[in-house]
Amino acid sequence: MIHFLLGLAISLATWLGLRRLVGAWPFGSRAKAQIPTLLLDALPCIAGFGLFLLPTGRPILAGLTVMCLGIGMGVADRVKRAVLGEPVVFADRAELIEVVRHPRLYLAFVGTGRMILATIAVLLAVIWVIDLEPPLWPVHLIPAALMALVAAVIGRLLFVIPSSQPLCDRLAAAYRRLEPSRDPVLDSERFGLLATCIIHATLARSERADRQRAAQGRAWPALPANGPILIVQGESFVDARRLDPSLAGHLPNFARLQAGSVAHGKLAVPCWGANTIRSELAVLTGLGADDVGLDRFNPYEHFARVPLPSLAHQARAAGYKTICIHPYDADFYYRDKVMPLLGFDRFIGIEGFAGAERSGPYVSDVAVAQCMARYVRELGPRVLVFAITMENHGPWDAQHDALPPASLPEGWRDLPDAAEIGRWLKHLQSTDAMIPILQDAIAATGSPGWLVFYGDHQPSLSAAFQAPGADDRKSDYAIWGSNQAPGARVDIAAEEIAASLMKAMGVS
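Residues numbered from 1 in each chain as written. Predicted model: local features only at pLDDT ≥ 70, side-chain atom pairs only at ≥ 80, totals over all residues. Heavy atoms only, no water.

Draft legend 1. Highlighting the overall build of the chain. Broken down by element type, the chain carries 19 helices and ten strands. For the chain, buried positions account for 51% of its 508 residues. Partitioning the intrachain contacts of the chain with sequence separation of at least 6 by distance along the chain shows that 77% fall at a separation of at least 24. (Helix = DSSP H or I, 4+ residues; strand = E, 2+ residues; numbered from the N terminus. Buried < 20%, exposed > 50% of the residue type's maximum accessible area, 1.4 Å probe, protein only. Contact = heavy atoms within 4.5 Å.)

Structure representation (structure tokens):
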């Protein structure tokens, strides 16, 4: 009995630790928690204890397992808040497999060495506890395996959002009576991190079909059959000229592009430091955060799994071939499944860049521009090519070639992330070098064409972005027409880019 109580106490302490971490009552929030939300928040830790106890018979081991998972969630929450400015959200569960498949994009922000040492320490602790703690009942391999299977089934029933829409809707109705703000920061302080994930996931599931139907019912005007439309989503692209006066000449091609653009300015994007797909969906479909709802945190996991009206669909209806290019694994963020639903005839991932030039660990932006230009030559003026660049993706570690310190603005050289900022600035110049390649490709068709160029989000380099004019968390954009007169600067949101392009084309 003592072992059982101790294991249960460890699990409850883990739950309280997570509440303290996010400032939930009784540790931080001024709003006293209600009993139902306290029970909902504690459910994963208590149920997890029971599920791990079932096949092992060792309550202390079960409690320590819950504690390890809780620590992992807590570390992920702290790192995500520090690097990306938002807490762990329910949609992050889809990231777990990507951590294993693409560890570079995740573990570097925690520290690969720390993760390896922590994993070894956990394995050694598990072996030690198994050796020392006697089971409450005889544990044999086959019965334990069967109990583990039963525990997995129970866990799925408890923690996976019900596939039954009526049941999910009833739960969602109950959660709406709690009046969640739908802001993960505010709700985690009020309900706790675990309860917030459960509430948000259930609301997203319940509302998804209605939001998808509303998106599918949006009317789009027909595009004119004109020249090529090239769209570049620059990874971590921001106009560096607004960061420091000494960087005035850092992006000469983008400066000329803006000067000749129909529209240009700052771009409000739905993410900071990562989560490119949020900007991506907004630009292609014109859907904002309110349209997508709580699925906005990872819109490709569920929301964009149905055909959605988009700029690519409209171009295809006008007789264009539509190509999407991303020089990375095709199934990363399910793009191989989503892009056809968004209207693209072809999606080209890393397999289309065998032998291509690399800059640091990723395919160079210049190689991506050359690929786009090749499709314009092959397919002619009736082509829309949307490219998602990768070269300037973090982390900006030693795998990237660093700029000499003299290339940094004088006031930045002593910043803690000065080396990373230098690498980011270097790759910005590569993104900038895409512009003349694409303009030449448009000119070679002999038809008037369009180039849309924008950044998906600011990089997760906080020091340089505390300067006035840079701390707004916005990226930059330009819409350029080869036979169009320059227009005025106008700051817009990512979901307004398609409408701005069509307006420039004369589509009402």
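Following the structure, the description resumes.
Draft legend 2. Region of the structure containing the pairing of strand E7 (residues 383-388). Summarising burial for E7: six of the six residues are buried, a large majority. Note that strand E3 (residues 321-325) and E7 share five bridges and pair parallel. Of the residues in E7, the one forming a bridge with Ile323 is Val385. (Pairing = 2+ DSSP bridges.)

Draft legend 3. Molecular detail of a nonpolar patch on the surface. On the surface, a nonpolar cluster with roughly 240 Å² of combined accessible area is contributed by Leu136, Trp137 and Val139. The topology assignment puts Leu136 in the loop between helix H6 (112-132) and helix H7 (141-159). In this structure Leu136 comes out as partly exposed when scored by relative accessible area, which is 40%. (Patch = residues over 30% accessible without salt bridge, like charges linked within 9 Å, V, L, I, M, F, W, Y side chains within 5 Å. Areas by Shrake-Rupley, 256 points an atom, 1.4 Å probe, with all protein chains shown as cover. Salt bridge = Lys/Arg side-chain N within 4 Å of Asp/Glu carboxyl O.)

Draft legend 4. The arrangement of the packing of aromatic side chains in detail. The tally for this structure, following the rule as stated, stands at nine aromatic pairs. Where Phe332 meets Tyr333, the ring centres are 4.8 Å apart and the plane angle is 50 degrees; that geometry is what we call tilted. Among the residues examined, Tyr333 registers a relative accessible area of 11% and is labelled buried. Each ring, one from Phe344 and one from Phe386, has its centre 6.1 Å from the other, and the planes form 25 degrees; the classification is stacked. With Phe344 in the loop between helix H15 (335-341) and strand E4 (346-348) and Phe386 in strand E7, the pair connects residues that are 42 residues apart, well separated along the chain. Like Phe344, the residue Phe386 is buried in the burial classification. (Phe/Tyr/Trp six-rings, centres within 6.5 Å; stacked < 30°, edge-to-face > 60°.)

Draft legend 5. A look at the sheet that holds strand E10 (residues 492-493). Reading across from one edge, E4-E3-E7-E1-E8-E9-E2-E10 is the order of the eight strands in this open sheet, with mixed pairing throughout. Across the chains shown, the open sheet's two edge strands, defined by having one partner strand only, are E4 and E10. As paired elements, strand E2 (residues 263-268) and strand E9 (residues 475-481) share five bridges and run antiparallel to each other. Within E9, the residue paired with Leu267 across the bridge is Ser475. In this fold helix H18 (residues 434-444) packs onto strand E1 (229-234), strand E8 (450-455) and E9, with an angle of close to 160 degrees to the strand it touches most, E8. (Axes fitted to C-alpha atoms, helices over the stretch in contact; angles between N-to-C directions.)

Draft legend 6. Inspection of the pairing of E8 at higher detail. For E8, the buried fraction is high: six of the six residues fall into the buried class. Alternating residues of E8 divide into Trp450, Val452 and Tyr454 and Leu451, Phe453 and Gly455, and every residue in both groups is buried. Of the pairings in the sheet, the one linking E8 to E9 comprises five bridges and is antiparallel in character. The residue of E9 that forms the bridge with Leu451 is Trp480.

Draft legend 7. Here's a closer look at the environment of Leu425. Summarising the element assignment, Leu425 is placed in helix H17 (residues 418-432). Residue class for Leu425 comes out buried when judged on its relative accessible area of 0%. Sequence-wise, Leu425 and Leu247 are 178 residues apart; in three dimensions their C-alpha atoms are separated by 9.7 Å.

Draft legend 8. Quick look at unusual backbone geometry. Omega for the peptide link from Trp25 to Pro26 comes to 10 degrees, which places this bond in the cis form. For Pro26, the position within the fold is in the loop between helix H1 (2-22) and helix H2 (35-56). A positive phi angle, near 55 degrees, is found at Glu179, a position not held by glycine. Checked against the element boundaries, Glu179 lands in the loop between helix H8 (165-176) and helix H9 (184-191). Here the phi dihedral of Tyr333 falls at roughly 60 degrees; this positive angle occurs in a residue that is not glycine. Assignment of secondary structure puts Tyr333 in the loop between E3 and H15.

Draft legend 9. Layout of helix H3 (residues 59-84). The end-to-end C-alpha separation of H3 is 36 Å, in line with the 38 Å expected for 26 residues at 1.5 Å each. All of the buried residues along H3 are Pro59, Ile60, Leu61, Ala62, Gly63, Val66, Gly70, Gly74, Asp77, Lys80, Val83 and Leu84. In the segment just after H3, Gly85 is the residue with positive phi, at about 75 degrees. (Expected span 1.5 Å × (residues − 1).)

Draft legend 10. Main features of the pattern of salt bridges. All chains considered together, the criterion is met by 20 salt bridges. Where Arg93 meets Glu301, a salt bridge forms, and the shortest distance between an N and an O atom there is 3.8 Å. With Arg93 in the loop between H3 and helix H4 (95-101) and Glu301 in the loop between helix H13 (289-292) and helix H14 (311-317), the pair connects residues that are 208 residues apart, well separated along the chain. A residue is classified by how much of its surface remains accessible, and Arg93, at 39% relative accessible area, is partly exposed. On the accessibility criterion, Glu301 (11% relative accessible area) is buried. Within this structure, Lys80, Glu86, Asp92 and Arg278 form a network of salt bridges that share partners.

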